[in-house]
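Read off the chains here:
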Amino acid sequence: MTDTATVSEAGGDEAFIEPVAMEDDPDELFAGDRGVLDSEVRRVLVHVLQRRFLLADRNRDEWSVLLDNRQMIESRLNDMFVRLVVDHDRGVAFKQQVRSDLLEVPILLRDSPYSRAETLVLVHLRTVYQRETAAGEPSARVDVEDVEQTVLSYFAEADGDTARRQRAIRKAMERLARDGIIDEETTGRFRISPLVEIVLSAEKLRELRDWLREQAAGSGAEAGDPDGRGVAFALDPDDDEADADDEVDADDEVDADDEVDADDRQPDPTKESLR
């Protein structure tokens, strides 16, 4: 942003440039502002940086601004080694950290992977979504009781506390709802968003299913169950604790997973936030 100027006449014919004070510049958003983007474009840029997703159905105005100014917003992100991904079919935009073996890239974003309980819920949601869409259904829905019944079977019998596991599943559902992966249409009834395909690809779903089957076989043998019907999957130590996330705005970033081993979590390229 540059200072504007006015033209004044001196002596009738002679013109000169008269600087305008920055505080009188109508395009300046704050003192010392050197930005060139309009206010609404800046806000969308900040939205993309702060939050995991920008959803067309939840953020109609921001989505329109993003599409109208995509090149400019993408340029600003690229200056920070961040890539903008826009999926028109699913109506979602998100950021990704640029990583390269050929170029030393400073890392601006950090991964915020899902917890074990959240990953197991995602596996079930993705499975239901895949089944319903393959059957030609326009949308996929689940009841929280169905989610609980299925996901509870994934946890280790040694954990022993059904109430604790149910709380972990409910918390996982709440977090996935905040991310826009599920939408609660009526009490306990959720529509699964196409976002689940982005968060958990078909390839990753197969890997997790194979892993669950291996866990089932191993835990079944150890527990005297030759058919491997049980799945040993211990809860995270912090899954039973009261979580401050419940009071966080639906679109805020959540960092409760930092102390848990990364090997126990499902990486998600869309779940990157500012360091």
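Asker: Lay out the packing of aromatic side chains with the relevant residues and their values.
Answerer: The tally for this structure, following the rule as stated, stands at one aromatic pair. Ring plane angle 90° and centroid distance 6.3 Å describe the contact between Phe53 and Phe94, whose orientation is recorded as edge-to-face. Of this pair, Phe53 sits in the loop between helix 1 (39–50) and strand 3 (54–55) while Phe94 sits in strand 5 (residues 92–97), and the two are 41 residues apart along the sequence. Per residue, the accessibility class of Phe53 equals that of Phe94, and both read buried.

Asker: Tell me about the sheet that holds strand 9 (residues 189–192), and please be specific about residues and values.
Answerer: Taken in spatial order, the three strands of this open sheet run 7-9-8, and their pairing is antiparallel. Looking at strand neighbours, the two that pair on one side only are strand 7 (140–143) and strand 8 (182–186), the edges of this open sheet. The sheet shows a mean angle of 35° between the axes of neighbouring strands, direction not considered. Relative to strand 7, helix 4 (residues 116–134) is tilted by about 140°, and along the sheet it contacts strand 7, strand 8 and strand 9. Sheet strands in contact with helix 5 (residues 144–152) are strand 7 and strand 9, and its direction is about 75° off that of strand 7.

Asker: Can you tell me about the nonpolar core, naming the residues and giving the values?
Answerer: Within the largest apolar cluster, 38 residues are counted, with the highest numbers of intra-cluster contacts made by Val121, Leu125 and Ile192. Of all the secondary structure elements, the ones that give two or more residues to this core are strand 5, helix 4, strand 7, helix 5, helix 6 (162–178), strand 9, helix 7 (195–199) and helix 8 (202–222). Per element, the largest residue contribution to this core is eight residues, and it comes from helix 4.

Asker: So, the pattern of salt bridges: which residues are in play, and what are the values?
Answerer: All told, the structure shown has 15 salt bridges when counted by the stated rule. Ionic pairing is found between Asp179 and Arg52, a salt bridge with its closest N-O pair at 2.8 Å. Here Asp179 is found in the loop between helix 6 and strand 8, whereas its partner Arg52 is found in the loop between helix 1 and strand 3, with 127 residues between them in sequence. Classification of Asp179 as buried rests on a relative accessible area of 6%. Accessibility expressed as a relative area gives 4% for Arg52, which makes it buried. Here Glu185 makes a salt bridge to Arg141, at a shortest N to O gap of 2.6 Å. Placement of Glu185 in strand 8 and of Arg141 in strand 7 is noted, with a sequence separation of 44 residues between them. By relative accessible area, Glu185 is classed as partly exposed at 40%. For Arg141, a relative accessible area of 34% puts it in the partly exposed group. Taken together, the salt bridges that share partners define one network made up of Arg58, Arg141, Asp183, Glu185 and Arg191.

Calculation notes
- Residues numbered from 1 in each chain as written.
- Predicted model: local features only at pLDDT ≥ 70, side-chain atom pairs only at ≥ 80, totals over all residues.
- Heavy atoms only, no water.
- Phe/Tyr/Trp six-rings, centres within 6.5 Å; stacked < 30°, edge-to-face > 60°.
- Helix = DSSP H or I, 4+ residues; strand = E, 2+ residues; numbered from the N terminus.
- Buried < 20%, exposed > 50% of the residue type's maximum accessible area, 1.4 Å probe, protein only.
- Pairing = 2+ DSSP bridges.
- Axes fitted to C-alpha atoms, helices over the stretch in contact; angles between N-to-C directions.
- Contact = heavy atoms within 4.5 Å.
- Core = buried A, V, L, I, M, F, W, Y, C linked by side-chain atoms within 4.5 Å.
- Salt bridge = Lys/Arg side-chain N within 4 Å of Asp/Glu carboxyl O.

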